[in-house]
Structures are given as C-alpha cells and as structure tokens.
Amino acid sequence: TFLVRGLQMQGTPEYASAMLALDPKSATPVFLEYLMRADLEDLRQLNQKSINVYTCTVIFRFLIENPLPIAHPGVPSIFLFAVSRNRGLADMANAVLEKQIPENRASFAYMLARLPVPVQVAFIENSQREMTANLRLLLHDLKDVAQSKEVIEELNSPNESGAQ
C-alpha cells in the first residue's frame, strides 16, 4: 500500500502513525522490515543514518503492546537495537524484549545465539547492569544454546548475577 511504501522509502514517523491509525493488525511485519534496515555498525553510533529514530519510537511503542510474529526474520533485529549506543533506542528495544520474553524465551535464546558474538556479549553485559527475572531466564536458556567460547565465558563470569 501507499503507507507501506512511504515508510520504506522515506521512513518518517507520520507513515508509521498513519499505519497504526488505519490498519494496526498488519503493521507489525512492516515495522519489523523497517527495523531490519539498521545494521549493527549504524546502531553502534550515537546518530543513526539508516533509520529515523522518531519512527523507531513509534514502532517500539507499538511493539511493546502487541505480540511479535516470532518467525518473522526481522525479530532478531530488536537485539541489535537493544545494544545500540543510543540509549533511547536501546531502552525501548529492551522493553519490547522484556515484555515478549515470557512467551518467546526459547526462541529468543536461539535468535540471540545466531547473532554475531559482539552482539551477544554486549547484550549479556547490558543485561548484567539491569538484570530482571525475565532476562535471567533468557540468559540461562542462552547458556544452553550458545556456541561461542567468549559468550559462554561472559555468561559464566562472576559479575553476572542471573545466569549462574
């Protein structure tokens, strides 16, 4: 539709808001595709070039309140946002994950284990700073599926209070 194309081409928050007003049930897959535009290198900068931060704010507020289609290829990109240097984006992405962990914990652990090792380590380190019961359970599941020695060492490090 016009709104989907507008969001993908221009990325302005007005397109995302209009999608929510007109057809919120079909918004989630489109929003996840938009989030996939950001790569790790861009998200590790303070200012993003590949996405509009305000559009992401609209998207994350929606995703906090709505279920994720767990099989969508864009879901793992939420972990990339969770380790962003932009604290606003990282906090919103973590809020989405926190809300979705109870229903999708095992799937999230597998998704996280497939991401690059630096993303996994950064996510673990960030989780250690603000540990919740849901994150503790997710990290415990990650321990069972992680394949990198560096990730396993980080999960077993003494300053990690929850995945022991």
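As shown above, the structure is provided for reference.
Everything in this summary refers to the structure shown in the same document. (Residues numbered from 1 in each chain as written. Predicted model: local features only at pLDDT ≥ 70, side-chain atom pairs only at ≥ 80, totals over all residues. Heavy atoms only, no water.)

1. Notes on the layout of surface pockets
Remark: the empty space left among the atoms is shown by a probe the size of a water molecule rolled over them.
Reasoning step 1: Quantified by volume, the largest pocket comes out at close to 290 Å³.
Reasoning step 2: Lining the largest pocket are 18 residues, with Arg87, Asp91, Asn94, Asn126 and Glu130 positioned closest to its centre.
Reasoning step 3: Elements with a minimum of two residues in the lining of the largest pocket: helix H7 (87-114) and helix H8 (117-129).
Reasoning step 4: Looking at the lining of the largest pocket, its residues break down into six nonpolar, five polar and seven charged. (1 Å grid on protein atoms, 1.4 Å probe; cavity = no way out; pocket = protein on both sides within 12 Å on 5 of 7 lines; lining within 4 Å. Points joined across faces, edges and corners; volume = space filled by probe spheres on them. Helix = DSSP H or I, 4+ residues; strand = E, 2+ residues; numbered from the N terminus. Nonpolar A, V, L, I, M, F, W, Y, C, P; charged D, E, K, R; others polar.)

2. As for the packing of helix H2 (residues 13-22) against helix H3 (residues 27-35)
Reasoning step 1: Where H2 meets H3, the closest approach of the two axes is 10 Å, and the angle between their N-to-C directions is 165°. With respect to their mutual orientation, H2 and H3 come out roughly antiparallel. Two packed elements cross with a definite hand, and for H2 against H3 that hand is left-handed. Only Ala27, Val30 and Phe31 of H3 make contact with H2, whose side of the interface consists of Ala16, Met19 and Leu20.
Reasoning step 2: Here the contact of H2 with H3 is composed, by residue class, of six nonpolar, no polar and no charged. (Axes fitted to C-alpha atoms, helices over the stretch in contact; angles between N-to-C directions. Parallel < 35°, antiparallel > 145°, perpendicular 65-115°, else oblique. Left-handed = near helix turned anticlockwise from the far one by under 90°. Contact = heavy atoms within 4.5 Å.)

3. A short note on the packing of aromatic side chains
Reasoning step 1: Tallying each qualifying case throughout the model produces four aromatic pairs.
Reasoning step 2: Both rings, one in Phe31 and one in Phe62, keep their centres 5.6 Å apart while their planes meet at 90°; by these two values the pair is edge-to-face. With Phe31 in helix H3 and Phe62 in helix H5 (residues 53-65), this pair connects stretches of sequence that are 31 residues apart. Neither residue differs from the other here; Phe31 and Phe62 are each classed as buried.
Reasoning step 3: Aromatic pair Phe79 and Phe123: ring centres 5.2 Å apart, planes at 75°, arrangement edge-to-face. Taken together, the positions of Phe79 in helix H6 (residues 77-82) and Phe123 in helix H8 put the pair 44 residues apart, joining distant regions of the chain. (Phe/Tyr/Trp six-rings, centres within 6.5 Å; stacked < 30°, edge-to-face > 60°. Buried < 20%, exposed > 50% of the residue type's maximum accessible area, 1.4 Å probe, protein only.)

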